[in-house]
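One letter stands for each residue in the lines below.
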Amino acid sequence: MARYHYLIGILSLLLVGCAQVGTISGGDEDIFAPKPINEGVSPPNASSFFTSKKVEIPFDEFFTLNNPAQNIQIVPPHAKIKSKVKGKTLILSWDEDLEANTTYAIYLNRAVKDLSESNDSIMQYVFSTGSTLDSLSYSVSAVDARTNTAMKDILVGLYNPEDGTILNFAQTDRFGNATLSYLKERAYKLIAFDDENGDLIPQPFETVGFFEDSLIQLDSSFVSPDAFRMFKPLEKAKIEAVKFNPPSNFLIELNRTVENENIYLDGVLQAPEKYTVNSNNSITLYVNSEELISPSGEVVYQDDHFSDTASYRVLDAQKKGSVLVKPSNNGLFGPSDSAGFVVNDIITNLNSELITIRNSKDSTLLTSFIGYEKNVVDIYLNRELSDQYIVTFKEGAIETTNGTSKAFEGTVQFNSQKKYGSLSLDLSHYEHSIVLEVLSGTNIVDELELKPSDLTSPIVLTELSPGSYTFKIIHDSNYNGRWDGGDLKTRRQPEQVDIYSSPTKVRANWEVEVSLVPIAKTP
């Protein structure tokens, strides 16, 4: 491990940040947590030959303590800290004898809050029972593994590799940086996590980051060239919710990507024709309301990895609803699209004689091929005649599982090919499976799962609206077509993501060539 040295300043009580800011009627906004009066601290911070069993810390304002038994800790944990407030002074004490020639740090981990705004902070009081303070330090940063953005308030902890006791910790600032100070020369076990419950121990539900090797041997002050890549551990697979929507469909929301699924309603396996898989980890299951004899029952989701059951309850009054038709994409379509109309039930039959299509320019009636699948009607129109059509569905034009459709009339608009641009992406520098995300702002406008054989020639994306586009490339190391986080137990790292944040301008009727060269190392 390479070593990077830098100067270390002597810390006074360290104020890292403040929490939520409020207002007091009739006065200025209080945005700061209580601050220690450093010259009044007794014994002084960074004392050596420390023999006291009590520390007094005066503050510049009155304050209250927030869960001091948990939020005030001494590291190494050789004593149990007792606390009390006297006026504007915090008094910390303990009964145990501390070890000789040892540097200690007492952390006030958001334990001190003011009385009016409840601002809090993280503070550190350091002393040595020997002649000198440990002087080494370790600096590191933390970023979101999916977005590469800095993460603040991430706890970086150094632990004893032998018994797992915490030896030192710090939290990242708003730039994602943290420095652990007053360290001795020794081996440490290192981990970073979002300490939601304040116990200084990473929990299965907390965002976590780690290096492939959990141990570091510190013999000089060090700045890590690598950042913790933070991710939220995968929750236990489950159905999040089952919601009933009239006239008779269930929205089944999962905390997993839907794949190789089987859906059961009241013990009956549902045919794939009866449901649609949505893009946001959910399924819409269409049923015959007459089949829902009982007001309550169970929905089961099952795939290759897990099975879960959720209950539902549907009142008769909820079953009443109209079969409605509406245009997809608000009636605006690209040059190669069919005109799509979405129905809120599964289509069983379509009467094309009750559907009329008119040229909006001269109102002439047109004929067209009309088809349907599940809950979508597709109308294939001759673009050479017009770019705008009026489509009318007369009442009863569509038959569904639960009735017939209401009348609807809407306008279909096709944009000219000349209004769009295209991108030609050279991805030949990638030699393994990837997932390409094309973004406009924060919206994903296209997502492609690409194998090595797909990358030998340019990927051409057409019918892109003029504007700025950025790209993300997921190194799909497990070939499942999506980004996956890591696993602390096996020390598997989250999949690498290359982020190309410099915008690429797309203009109407132009093709832009872009070459994307890997940023992250190949897995």
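Note: the structure precedes this text.
Keep in mind the model is a prediction, meaning the values are calculated, not measured. (Residues numbered from 1 in each chain as written. Predicted model: local features only at pLDDT ≥ 70, side-chain atom pairs only at ≥ 80, totals over all residues. Heavy atoms only, no water.)

## Some remarks on the environment of Gly340
The condition that has to hold: Helix and strand assignments come from DSSP, with helices taken as H or I runs of at least 4 residues and strands as E runs of at least 2, each series counted from the N terminus. Any residue under 20% of the maximum accessible area for its type is buried, any over 50% is exposed, and the rest in between are partly exposed; the area is computed with a 1.4 Å probe on protein chains only. Working rule for contacts: check all heavy atoms of both residues, and any pair within 4.5 Å makes them a contact.
If you trace the backbone, Gly340 turns up in strand β26 (residues 339-343). Using a relative accessible area of 5% as the deciding quantity, one classes Gly340 as buried. Beyond its immediate chain neighbours, meaning those up to four positions away, Gly340 contacts Pro327, Ser328, Phe333, Val377 and Asp378.

## Some points on unusual backbone geometry
Only a minority of non-glycine residues have a phi that is not negative, and only a minority of peptide bonds are not trans. The peptide bond linking Ser42 to Pro43 adopts the cis configuration, its omega dihedral lying at -10°. Here Pro43 lies in the segment before β1 (54-58). The phi torsion at Asn329 lies on the positive side, around 55°, for a residue other than glycine. Looking at where Asn329 falls in the secondary structure, it is placed in the loop between β24 (325-327) and β25 (332-333). Even without a glycine there, the phi angle at Ser363 is positive, about 65°. Mapping Ser363 onto the fold places it in the loop between β28 (355-359) and β29 (365-366).

## Comments concerning the sheet that holds strand β31 (residues 376-380)
Put simply, the test is: If DSSP finds at least two bridges between two strands, the strands pair. Only C-alpha atoms enter the line fits that serve as axes; for helices the fit covers just the stretch in contact. Angles between N-to-C directions range over 0 to 180 degrees.
With antiparallel pairing, the four strands of this open sheet are ordered in space as β24-β26-β31-β30. For this open sheet the edge positions go to β24 and β30 (369-373), each flanked by a neighbour on one side alone. When strand polarity is set aside, the average angle formed by the axes of neighbouring strands in this sheet is 25°. Relative to β31, β30 is paired through five bridges, and the arrangement is antiparallel. Bridging from a neighbouring strand, Ile370 pairs with Ile379 of β31.

## Here's the deal with the pattern of salt bridges
This is how the line gets drawn: A pairing counts as a salt bridge when a side-chain nitrogen of Lys or Arg comes within 4 Å of a carboxyl oxygen of Asp or Glu.
Tallied over the full model, the rule gives ten salt bridges. For Lys243, the salt bridge is made with Glu253, and the minimal N-O distance between the two is 3.4 Å. Taken together, the positions of Lys243 in strand β16 (residues 239-245) and Glu253 in strand β17 (residues 249-254) put the pair ten residues apart, joining distant regions of the chain. Judged by relative accessible area, Lys243 falls into the partly exposed class, the value being 40%. A relative accessible area of 24% places Glu253 in the partly exposed class. Overlapping salt bridges, with partners in common, bring together Glu259, Arg482 and Asp484 in one network.

## Looking at the packing of aromatic side chains
Cut-off, in case you're wondering: In this analysis, rings of Phe, Tyr and Trp, with Trp reduced to its six-membered ring, are considered paired at centre separations within 6.5 Å, and the interplanar angle assigns stacked below 30 degrees, edge-to-face beyond 60, and tilted for intermediate values. Remark: a charge is flagged as sitting over a ring if the NZ atom of Lys or the CZ atom of Arg is within 6 Å of the ring centre and within 35 degrees of the ring normal.
Here the structure, examined in full by the defined rule, presents 19 aromatic pairs. Consider the rings of Phe210 and Phe231, whose centres lie 6.0 Å apart with planes at 75°: the pair is edge-to-face. Placement of the pair is Phe210 in the loop between β13 (208-209) and β14 (215-218) and Phe231 in the loop between β15 (222-230) and β16, with a sequence separation of 21 residues. Take Phe231: its relative accessible area is 3%, and that puts it in the buried class. Relative to Phe228, the ring of Phe211 lies with its centre 4.4 Å away and its plane at 10°, an arrangement referred to as stacked. With Phe211 in the loop between β13 and β14 and Phe228 in strand β15, this pair connects stretches of sequence that are 17 residues apart. Overall, the relative accessible area of 18% leaves Phe211 in the buried class. For Phe228, a relative accessible area of 0% translates into the label buried. Through pairs of rings, three or more aromatic residues link up here, namely Phe50, Trp94, Tyr104, Tyr125 and Phe127. Here the basic side chain of Lys88 rests over the ring of Phe62, its NZ or CZ set 5.0 Å away from the ring centre. When the ring centre of Trp510 is taken as reference, the NZ or CZ atom of Arg507 above it lies at 4.3 Å.

## Points about the pairing of strand β10 (residues 166-171)
Burial of β10 is extensive: six of the six residues sit out of reach of the surface. In this structure, the hairpin formed by strand β9 (residues 155-159) and β10 is closed by a connection of six residues, where Gly164 is found at a positive phi of approximately 80°.

## Some details on the sheet that holds strand β20 (residues 275-277)
A sheet is described by the order of its strands in space; here four strands give the open sequence β16-β17-β21-β20, paired in antiparallel fashion. This sheet does not close on itself; its edge strands, each paired only once, are β16 and β20. Shown here is a sheet whose adjacent strand axes are inclined to one another by a mean of 15°, direction ignored. Examined bridge by bridge, β16 and β17 share six bridges and lie antiparallel to one another.

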